[in-house]
Amino acid sequence: MSTTRGERDQRIHQVVFRWTDQHLLGGRGIGPVGTSLGQRDLAWWSGLLDNGDLVGLLHPDRPALGLLRPQSRPGMAVIVRADAVPTSSRGSHQLHALVGTADVLTARLAFGLRDWDGWLPPADGSLADPQLPALDPADLEAASTLPGRADPQEVAALLRHVLRHPDYHFHFAGAASDPYALGHALASLLDVSLIVEGDVQAAAVQPRIAVTVEKTHLRIPPAHWYRKSPASRAPLEDWAEDIGYLVEQVLAAPSQATPRRPQELLQSLSHLRYQRQGLYRLLRQALRIDTQGEEVAKARRYLAQDDGLRWAQGEFTTLSLSETTELCRFWRDWPSMPEQLTAFLRSRVASLALDWEDTPELDSLRAAGQRLFTSPSSAHKRSEQIRPVFDRIARLWQEGQGRSTIDRGVLLWHARQLADLSATEVQALVEKLEVPAAHLIVLAAHYTGDPGTREFRRGLLGALQQCATATQDHQEAVRAELQENGFLLEALADETAERRRELFGSLLVLGYGPPQAGQTDPQLSRQLEQELTRVGGHPLFHSLLPIAARHLTIASRLRIWREFPHVGNALPLDGASTYLAGRLLRAQTVEEFLQTLRLLFDLRCTGALQVHEFQQVCQEHEYFQEKLYAFRDTKDPYGEAGLDIIFALAELMWLASGEMPPEDRERALSEKKVRELEREERFPDPPYFRLALIRVSATHWGHTATSERLWNSFPLHLSEHFRRHPGLVQLVGAPPVAETGRRWGARRKLWPRAGEESTRNTSEAPSLPLDPSHPAVEDRDSEIKSQDLSETPHRDAGRAATTYRLPEPGGAAHGADDNTTVVADEEWDAEPYGTGPRQHRSDEAPLVFAPPAAARKRTWLSPVVEGWHRLRRFRPWAGRTTRTRKPEKQSFTYPGLGPWARTALAVVAAVLIILAVIALILYFSFRLLNSPVNGVPQSSQSVSAPPAPSPTSPSLSSEETFR
């Protein structure tokens, strides 16, 4: 084995020397008989290990065992064991050597291998197989054992001799301890060559210990050997107590001790007294707590050295809780404190201050320990500072599997307090611990409200944002915690608007999955809608709705928009027109149709309705005529159902035109749009669509040219029939009347009667029952299975319904008797569309607007009263929404009088006017005749005397002519 290969080869090689007639080098006598080395290396090591000069006569029961370090091979060492051959007549012996590197082969390992089973039994002659295997250093370390425990006083005496004369060669004999145990103790203290060998002079004498410093072998002149014994007077008496303390510390844990050169150990003797008094007292001296002057400087010098740091590292674990707290308070009083000492103290503080228990003493330690975690100059130093904290928390986290979420949060909060962790560092710690998202939500809500926990809370929220998509089970837990803690809106209030939206979106993804366009789960959407409704009063609710809309179906969005009108356009309502059109087609009653229409009107009022899209929907479904005509009443086409159909068609026309329906019919739809709508008429009988056109083309001031043109399309008898329905006249307006009092239709002899001509086609109206399988009723959003928009999310099921009665002159088709109709106030928005602004209804007693018919006396005003009550019962134009409106403008009419009565009244009024005009003419004519211009005397003469005739007076004939 060459030097280069020997330095590179980490294996342990063997060489065995015996007396033989022919050894491996070709000679007779003592030579190598077995090896794992090559031929060249074997020759070199054979010359070096001259076993004839290595030891003398050996005691047959005690082998010579030790370590040699050749000077010619730096970094190499050899463990030798010499055994006497009991059967040899010439007193020969066998030498077994292990060759390897000095960092692996030590004197302590050599004495530990005394009982190793790899040693060959002593004998003469050659080996059957001269090729021996190379050994693994790990196997030798595992085979090493402690040979025994030596007397500490004997070890201290031998150590004092070596330290006093480190260059001498000593033979120690006469020790009471086992020589191998004594050699192992010295090997744990000193890094020297040691061999325990038998006495060369007498077999009865105890073996001796040979100590030398880096010699090739023990061929040293006898005059250079110093024979000592533990009983002899040892030098260094002043340091005897310190050396004794050092020996006790090493013998307590010999495997953990680091052997040192005698010179190094001698120089460190002055520091042993600090080790005797303990680390706590030494640090108090260094921190000037109770010491001044030269002692402070000495203590600091020792702690700054490598020996002091190595010793202090192990001693920090012995500091108590109170001692550690006191040292932390004064730690910054040493400006040039070594960073290694500070790191040792940080580890001790982290191990004591971070625990599941919470006591005032631990709080004091955490408060004092913050002085050790100052802001460093680089990120790397900061990472080194908080590493003990992270390691301690990770270890406790694994041990506390049964702990509650709040207990774990308290542990994290203590770590934040101790190391003054930033939000980024808290997030890194939480991600390292892999805390579930549901637990993070609980902790974020628990530490909300205290300004001092803002950084800690931000770190938890940051960890939530970085959480990966959870499984289904985790999503259920996250949803439960989000509902319990109000979606962390209070915690999000401290964040910026942009970060708030990002965090809220991450929370919804964790609880409800990533949003998928057109594939939103209706059940999850409904659940999210209900949970959002509970936090609708929070100030942040308005700003976070656009994020929540990604996880909501259009039905849920509309319900939230209806529940919270103040959100305005903050909630996206894309696709609302198509969805509501499907609801119009699925309506089972006209009241349900009007409720959906009311929602459309409210959307248009706030600008949330997409007009162009709704126009296309209306044109595609022909303004829902087939659906509405199915709701008609065949017995009374212009009763309540018919008026509702006309009103619904009129509102659809306004909405589809892109204009807002006027509040009090103050304006009419343009002629162009009316003509476009005329082409959409499908069912002329009953002419609901044409009457709706008349409503939108006229105003409450009177008829327009368009409305008159539309009225002209009806035959005379049909117009007179319309005039006999006060509700229809009030809703649409009365047909126009000619100035002569004659019906305008009488002059139009050439116009066809009803049924002879249609404005568009001759299609018949659909039958009343509309099959649900009909295409017009097909559910266009079958995946969305939610409750009716009219149903409030917060219904009080225990509240009794409040009822009130309205007069019903037409009979008891809908009431409990012949004169009343019972209407229940069961839930929000349940009253029919268009009945005016909703008034506050008392729950204590029903409201009766009119007594029964039997209790009333019928007079000539009864038709007027009955018509008035009928109008009060149905006023679809009075109010579409609950918003503030102008007072209703009404004209003074007598709904109970017929057309002939009104004509007679008009004739009487005209005659009275003519008589008044004639009276005025006569009066002024009389005044003119008596004026002076006509020759009436103006003197003061008596009227009894006639005037004298004058030639200039006019004649009778001329006066009469004048008259």
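Keep in mind the model is a prediction, meaning the values are calculated, not measured.

Caption draft 1: Spotlight on the overall build of the protein. A count of helical and extended segments in the protein gives 40 helices and 12 strands. Buried positions account for 47% of the 963 residues belonging to the protein. Considering only contacts within the protein whose residues lie at least 6 apart along the sequence, 71% involve residues at least 24 apart. Split by element, the accessible area of the protein, about 48800 Å² in all, is 51% carbon and sulfur.

Caption draft 2: View of the side chain of Ser36. If you trace the backbone, Ser36 turns up in the loop between β2 (29–35) and α2 (39–48). A polar contact of 3.0 Å, which involves the side chain of Ser36, links it to the side chain of His13. Polar contacts involving the side chain of Ser36 include one to the main-chain amide nitrogen of Gln14, which spans 2.9 Å. Leave out the neighbours within four places in its chain, and Ser36 touches His13, Gln14, Gln131, Leu132, Pro133 and Ala134.

Caption draft 3: Quick peek at α2. Those residues of α2 not exposed but buried are Asp41, Leu42, Trp45, Ser46 and Leu48. For α2, the angular spread of buried residues about the axis comes to 160 degrees, placing them on one side. Pointing more than 90 degrees away from the buried face of α2 are the exposed residues Gln39, Arg40 and Gly47.

Caption draft 4: Highlighting helix α11 (residues 279–286). Of all eight residues in α11, seven are buried, a share of seventy percent or more. Restricting attention to buried positions, one finds in α11 the residues Leu279, Tyr280, Leu282, Leu283, Arg284, Gln285 and Ala286. On its buried face, α11 is in contact with α10 (272–277), α12 (294–304), α13 (306–315) and α14 (321–329). Directly after α11, the chain includes Arg288, whose backbone phi takes a positive value near 60 degrees.

Caption draft 5: Fine view of the pattern of salt bridges. Per the stated rule, a full pass over the model turns up 28 salt bridges. For Glu237, the salt bridge goes to Arg233, with nearest N and O atoms at 2.8 Å. Taking relative accessible area as the criterion, Arg233 reaches 70% and is therefore assigned exposed. Note that Glu425 and Arg382 form a salt bridge whose closest N and O atoms lie 2.9 Å from each other. Here the residue Glu425 occupies a position in helix α19 (residues 423–433), and Arg382 occupies one in helix α17 (residues 379–399), the gap between them amounting to 43 residues. Like Arg382, Glu425 is buried. In this structure, a network of salt bridges that share partners links the residues Glu455, Arg458, Glu495 and Arg499.

Caption draft 6: The arrangement of the packing of aromatic side chains in detail. Enumeration over the complete set of coordinates arrives at 21 aromatic pairs. Their ring planes at 35 degrees and their centres at 5.7 Å tell us that Trp413 and Tyr447 sit as a pair that is tilted. Linking Trp413 in helix α18 (residues 405–419) with Tyr447 in the loop between α20 (437–446) and α21 (454–466), this pair joins segments that are 34 residues apart in sequence. In this structure, Trp413 and Tyr447 share a single accessibility class: buried.

Caption draft 7: A look at the sheet that holds strand β5 (residues 93–101). The strand order β2-β1-β5-β4-β3-β7-β8-β6-β9 describes an open sheet built from nine strands, whose pairing is mixed. Taken across any chain shown, the strands that pair with only one partner, and hence form the sheet edges, are β2 and β9 (225–228). Sheet twist, expressed as the mean angle between neighbouring strand axes with direction ignored, is 20 degrees. Across five bridges, the pairing between strand β3 (residues 64–68) and strand β4 (residues 76–84) is antiparallel.

Caption draft 8: Broad picture of the UniProt feature "transmembrane region" (unreviewed entry) in the protein. Taken from the UniProt record, the annotation "transmembrane region" (unreviewed entry) applies to residues 900–924. Secondary structure within residues 900–924 divides into 100% helix and 0% strand; the distance between the first and last C-alpha atoms comes to 37 Å.

Caption draft 9: Region of the structure containing the pairing of strand β1 (residues 13–20). With eight of its eight residues buried, β1 lies for the most part within the structure. Burial of β1 is two-sided: the residues His13, Val15, Phe17 and Trp19 facing one way and the residues Gln14, Val16, Arg18 and Thr20 facing the other way are all buried. The pairing of β1 with β5 spans five bridges and is classified as antiparallel. From the neighbouring strand, Gln14 faces β5, where its bridge partner is Leu98. Examined bridge by bridge, β1 and β2 share six bridges and lie antiparallel to one another. Its bridge partner lying in β2, Val15 is registered against Thr35.

Caption draft 10: The packing of helix α32 (residues 640–656) against helix α34 (residues 688–697), seen in detail. Orientation of α32 relative to α34, taken along the N-to-C sense of each, is 55 degrees, at an axis distance of 8 Å. One finds that α32 runs oblique with respect to α34. For the pair α32 and α34, the crossing hand works out as right-handed. Where α32 abuts α34, its residues Gly642, Ile645, Ile646, Phe647, Leu649, Ala650, Met653 and Trp654 lie against Tyr688, Phe689, Leu691, Ala692, Leu693, Arg695 and Val696. Its residues assigned to classes, the contact of α32 with α34 shows 13 nonpolar, one polar and one charged.

Caption draft 11: Quick peek at the confidence of the model for the protein. The share of residues in the protein with pLDDT of 70 or more is 74%, and the mean pLDDT across the chain is 76. Across residues 868–896, where pLDDT falls below 50, the model places 69 contacts with residues more than four positions away in sequence or in other chains.

Caption draft 12: Structural context of unusual backbone geometry. Cis geometry marks the peptide bond from Asp685 to Pro686, where omega comes out at -5 degrees. Its location among the elements puts Pro686 in the loop between α33 (671–678) and α34. One non-glycine residue, Leu236, adopts positive backbone phi at about 55 degrees. Since its relative accessible area comes to 18%, Leu236 is described here as buried. The phi dihedral of Phe487 falls on the positive side, at around 55 degrees, and the residue is not glycine. Residue placement: Phe487 occurs in the loop between α22 (472–484) and α23 (489–492). The class of Phe487 is buried, set by a relative accessible area of 1%.

Caption draft 13: Up close: the side chain of Arg382. With a relative accessible area of 12%, Arg382 lands in the buried category. From its side chain, Arg382 meets the backbone oxygen of Ala419 in a polar contact 2.7 Å long. For Arg382, the residues in contact, after removing those within four places along its chain, are Phe373, Thr374, Pro376, Ala419, Asp420, Leu421 and Glu425.

Caption draft 14: Region of interest: the environment of Val192. Here Val192 lies in the loop between α7 (179–189) and β7 (193–197). By relative accessible area, which is 3% here, Val192 ends up buried. C-alpha separation for the pair Val192 and Ala107, spaced 85 residues apart in sequence, amounts to 7.6 Å. Residues in contact with Val192, not counting those within four places in the same chain, are Leu67, Arg69, Ala107, Val211, Thr212 and Pro262.

Caption draft 15: A look at the pairing of strand β8 (residues 208–212). Taken across its five residues, β8 has five buried, putting it largely inside the fold. Of the two faces of β8, the one holding Arg208, Ala210 and Thr212 and the one holding Ile209 and Val211 are both buried throughout. As judged from the five bridges shared by β7 and β8, these two strands associate in the antiparallel manner. Note on β8: the bridge partner recorded for Ile195 is Ala210.

Caption draft 16: How the structure looks around the packing of α18 against α20. In contact at an axis separation of 10 Å, α18 and α20 are set at 65 degrees when each is read in the N-to-C sense. Overall, the two elements α18 and α20 adopt an arrangement that is roughly perpendicular. Crossing handedness for the pair α18 and α20: right-handed. Of α20, the residues touching α18 (which contributes Thr405, Ile406, Gly409 and Leu412) are His439, Val442, Leu443 and His446. When grouped by side-chain class, the residues that make up the contact of α18 with α20 number four nonpolar, four polar and no charged.

Definitions and cut-offs
- Residues numbered from 1 in each chain as written.
- Predicted model: local features only at pLDDT ≥ 70, side-chain atom pairs only at ≥ 80, totals over all residues.
- Heavy atoms only, no water.
- Helix = DSSP H or I, 4+ residues; strand = E, 2+ residues; numbered from the N terminus.
- Buried < 20%, exposed > 50% of the residue type's maximum accessible area, 1.4 Å probe, protein only.
- Contact = heavy atoms within 4.5 Å.
- Areas by Shrake-Rupley, 256 points an atom, 1.4 Å probe, with all protein chains shown as cover.
- Polar contact = N/O pair within 3.5 Å; in protein donor to acceptor, adjacent residues only side chain to side chain.
- Arc of directions from axis to C-beta.
- Salt bridge = Lys/Arg side-chain N within 4 Å of Asp/Glu carboxyl O.
- Phe/Tyr/Trp six-rings, centres within 6.5 Å; stacked < 30°, edge-to-face > 60°.
- Pairing = 2+ DSSP bridges.
- Axes fitted to C-alpha atoms, helices over the stretch in contact; angles between N-to-C directions.
- UniProt positions renumbered as here; feature names shortened; annotations may be inferred.
- Parallel < 35°, antiparallel > 145°, perpendicular 65-115°, else oblique.
- Left-handed = near helix turned anticlockwise from the far one by under 90°.
- Nonpolar A, V, L, I, M, F, W, Y, C, P; charged D, E, K, R; others polar.
- pLDDT = per-residue confidence, 0-100.

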